[in-house]
Amino acid sequence: MARWMKTIAIVIVLAVATAGCKKKKEAEPEPTPTPVTAPTTPETPKADAGEAPAVADAAATPAEAAAEPVDAAEEEAEAEPTWEELVASSKPLSPTVAPQKLGEKEITADICTFEGIEVLADSTMDVMNSIAITSDGKLYMVDGGGQIMRFAFKEGDDCVLVYDSAFGENGKLKLEREIETINVDGNNRLYASNGIFENYVMNEGTVAYPCETDPNGYIVPSPDGTMGINYWSHADAAKITFSDTECKSEKWAVESPIEMLHSAAFLGDLVLLGGSVKVEGTDKSNNLVLAFNKDGKEQFRIGSTAENIADDTFCWVHGITACPSGICVLDSNCRKMVVYSDKGELAGKIDLSALFGLDYPWYPDFQMVGDVLYVGAGQAREVSDVAQGFIYRVHGL
């Protein structure tokens, strides 16, 4: 009896459990899967006899577009060549220099060769921004990207510049700011300028300290390195003093009619400023170079004010330097150098393209070292988008 009642109890428990499971399943039915049908490609209707074959719809699906064959020749024509391919397809330039006359003087030039690197860029204006040569036989060059490279002059009469691949990182020194100009004083101290932001004072290619001035601009040091001039476009020129650890600037009370400054240089105790000077009563300007004493008083000015183009007409004043003849002014826009006495008397002009054997080049910078003038140049090769850089030595000034 007890066993029978136990069996009955077990049966009742199983029945209740089964019913509970059934109710749960009815309350939470399993989702019914949706049947997936493979996509079918629409058939192109067969053409009747005599009819032209049917043409597929122009708006092809991505799968159809990917399946369409591409003409290899067309794909190759559309692909732009890489920089390496452009350089490989371009022919290195070998200009022929030709002597030029400057009054009774014969001006000659020779070309420096680069060892260990080709100085190339995709345009003549990007080959180099600036150069600075130190008395210990180094040439510093700012490339179009604002980085600094260093070369050593190889001993001998020929001008050979050996690339210093250990300088900076992989042969290029990249500072916090891109560099536009680099200058050097008589103590081999370098001044690397960004123009808008802070500049840098450097010793032997290493930053000694950043130099912030008010206003900021391009630093041009005096030969002895005790002071400098800072110039920037429409801003006022500033006087700078340098120590071993810092620079200080003050506004220079110069009485200058220059509206836009292009360049600056020192000539003994004189400061030379080049730029645009407005013609009174008109909306025209002349590009001139004005000489000031250190108190800011104008001493003389050079450059033509005539409306017609003359030898001493400046299309732009890209650079000024003291030279054996007196003052040399680089005009890159008109591809010439105009030479004056130290009193501002015109000695003549030199057609730089004729002297260097170049065709519509760009001249970013120059520097006088002793009685030799070094000039940087960029010239396009026959292949478009490849320009070659040069350093020339000019003798006879």
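Residues numbered from 1 in each chain as written. Predicted model: local features only at pLDDT ≥ 70, side-chain atom pairs only at ≥ 80, totals over all residues. Heavy atoms only, no water.

Details of the sheet that holds strand β22 (residues 326-331)
For step 1, the next point in the chain: The strand order β21-β22-β23-β24 describes an open sheet built from four strands, whose pairing is antiparallel. Of all the strands in the sheet, just β21 (319-323) and β24 (346-351) have a single pairing partner and so form its edges. Sheet twist, expressed as the average angle between the axes of neighbouring strands with direction ignored, equals 20°. (Pairing = 2+ DSSP bridges. Helix = DSSP H or I, 4+ residues; strand = E, 2+ residues; numbered from the N terminus. Axes fitted to C-alpha atoms, helices over the stretch in contact; angles between N-to-C directions.)

A short note on the sheet that holds strand β19 (residues 285-292)
For step 1, the next point in the chain: Pairing in this open sheet of four strands is antiparallel, and the strands run β17-β18-β19-β20 from one edge to the other. Edge positions in the sheet fall to β17 (258-267) and β20 (298-302), since each of these pairs with one other strand and no more. Between one strand axis and the next, the sheet turns by 25° as a mean value, whatever way the strands run.
For step 2, the next point in the chain: Examined bridge by bridge, β17 and strand β18 (residues 270-278) share eight bridges and lie antiparallel to one another. Along β18, the bridge assignment pairs Ser 263 with Gly 274.

Considerations on unusual backbone geometry
For step 1, the next point in the chain: Here the amide bond leading from Asp 214 into Pro 215 is cis, since omega sits at 0°, within 30 degrees of zero.
For step 2, the next point in the chain: Its location among the elements puts Pro 215 in the loop between β12 (206-211) and β13 (218-221).
For step 3, the next point in the chain: Its identity as a non-glycine residue notwithstanding, Arg 335 has a phi of 55°, on the positive side.
For step 4, the next point in the chain: In this fold, Arg 335 is placed in the loop between β22 and β23 (336-340).
For step 5, the next point in the chain: Although it is not a glycine, Tyr 360 adopts a positive phi angle of roughly 55°.
For step 6, the next point in the chain: As for its placement among the helices and strands, Tyr 360 is situated in the loop between α5 (352-356) and β25 (366-369).

Let's talk about the pairing of β23
The side chains of a regular strand alternate between both faces of the sheet.
For step 1, the next point in the chain: Judged by how many residues are buried, β23 sits mostly within the fold: five of five residues are covered.
For step 2, the next point in the chain: Residue alternation in β23 divides its side chains into two sets, Lys 336, Val 338 and Tyr 340 and Met 337 and Val 339, and both sets are buried.
For step 3, the next point in the chain: Note that β22 and β23 share five bridges and pair antiparallel. Residue pairing across strands places Leu 330 opposite Met 337, the latter belonging to β23.
For step 4, the next point in the chain: Between β22 and the antiparallel strand that follows it, β23, lie four residues; Arg 335 among them carries a positive phi value of about 55°.
For step 5, the next point in the chain: In textbook terms, the turn of a hairpin is the stretch between consecutive antiparallel strands, and for β23 and β24 this stretch comprises five residues, one of which, Gly 344, has a positive phi near 95°. (Buried < 20%, exposed > 50% of the residue type's maximum accessible area, 1.4 Å probe, protein only.)

A short note on a negative patch on the surface
For step 1, the next point in the chain: Together, Glu 80, Asp 122, Asp 126 and Asp 385 make up a negatively charged patch on the protein surface.
For step 2, the next point in the chain: Along the chain, Asp 122 turns up in the loop between β4 (120-121) and β5 (130-134). (Patch = residues over 30% accessible without salt bridge, like charges linked within 9 Å, V, L, I, M, F, W, Y side chains within 5 Å. Areas by Shrake-Rupley, 256 points an atom, 1.4 Å probe, with all protein chains shown as cover. Salt bridge = Lys/Arg side-chain N within 4 Å of Asp/Glu carboxyl O. Lys, Arg positive; Asp, Glu negative; His and termini not counted. Charge placed at Lys NZ, Arg CZ, Asp CG, Glu CD.)

With respect to the packing of aromatic side chains
For step 1, the next point in the chain: Scanning the model with the defined rule gives twelve aromatic pairs in all.
For step 2, the next point in the chain: Measuring from centroid to centroid gives 5.7 Å for Phe 151 and Tyr 163, while their planes differ by 45°, and the two rings are tilted. Taken together, the positions of Phe 151 in strand β7 (residues 148-153) and Tyr 163 in strand β8 (residues 160-163) put the pair twelve residues apart, joining distant regions of the chain.
For step 3, the next point in the chain: Given the relative accessible area of 14%, Tyr 163 is considered buried. (Phe/Tyr/Trp six-rings, centres within 6.5 Å; stacked < 30°, edge-to-face > 60°.)

Focus on the environment of Asp 122
For step 1, the next point in the chain: Residue class for Asp 122 comes out partly exposed when judged on its relative accessible area of 47%.
For step 2, the next point in the chain: Apart from the residues lying within four places of it in its own chain, the contact partners of Asp 122 are Trp 83, Asp 385 and Val 386. (Contact = heavy atoms within 4.5 Å.)

Comments concerning the side chain of Asp 365
For step 1, the next point in the chain: Examined against the element boundaries, Asp 365 turns out to sit in the loop between α5 and β25.
For step 2, the next point in the chain: Separated by 3.0 Å, the side chain of Asp 365 and the backbone nitrogen of Ile 131 make a polar contact.
For step 3, the next point in the chain: Aside from chain neighbours lying at most four places away, what touches Asp 365 is Asn 129, Ser 130, Ile 131, Ile 182, Leu 330, Tyr 374, Val 375 and Gly 376. (Polar contact = N/O pair within 3.5 Å; in protein donor to acceptor, adjacent residues only side chain to side chain.)

Observations concerning the state of the cysteines
For step 1, the next point in the chain: A full pass over the atoms with the stated rule returns four disulfides.
For step 2, the next point in the chain: Each sulfur in the disulfide pair Cys 211 and Cys 247 lies 2.0 Å from the other. In this structure, the disulfide formed by Cys 211 and Cys 247 twists by about 110° around the S-S bond and is classed as right-handed. Within this pair, whereas Cys 211 is found in strand β12, its partner Cys 247 is found in strand β16 (residues 247-251), the two being separated by 36 residues in sequence.
For step 3, the next point in the chain: One disulfide bridge connects Cys 315 with Cys 334, the sulfur atoms lying 1.7 Å from each other. One end of the pair, Cys 315, is in the loop between β20 and β21; the other, Cys 334, is in the loop between β22 and β23, with 19 residues separating them in the sequence.
For step 4, the next point in the chain: Classification of Cys 315 as partly exposed rests on a relative accessible area of 26%.
For step 5, the next point in the chain: Sequence-ordered numbering of the bonded cysteines in the chain gives a disulfide pattern of 1-2, 3-4, 5-8, 6-7. (Disulfide = S-S within 2.5 Å.)

Comments concerning the pattern of salt bridges
For step 1, the next point in the chain: One pass over the structure, following the stated rule, counts 13 salt bridges.
For step 2, the next point in the chain: Between Arg 381 and Glu 118 there is a salt bridge; the shortest N-O distance is 3.0 Å. With Arg 381 in the loop between β26 (372-380) and β27 (387-395) and Glu 118 in the loop between β3 (113-115) and β4, this pair connects stretches of sequence that are 263 residues apart.
For step 3, the next point in the chain: Since its relative accessible area comes to 47%, Glu 118 is described here as partly exposed.
For step 4, the next point in the chain: With a closest N to O distance of 3.0 Å, Arg 150 and Asp 164 form a salt bridge.

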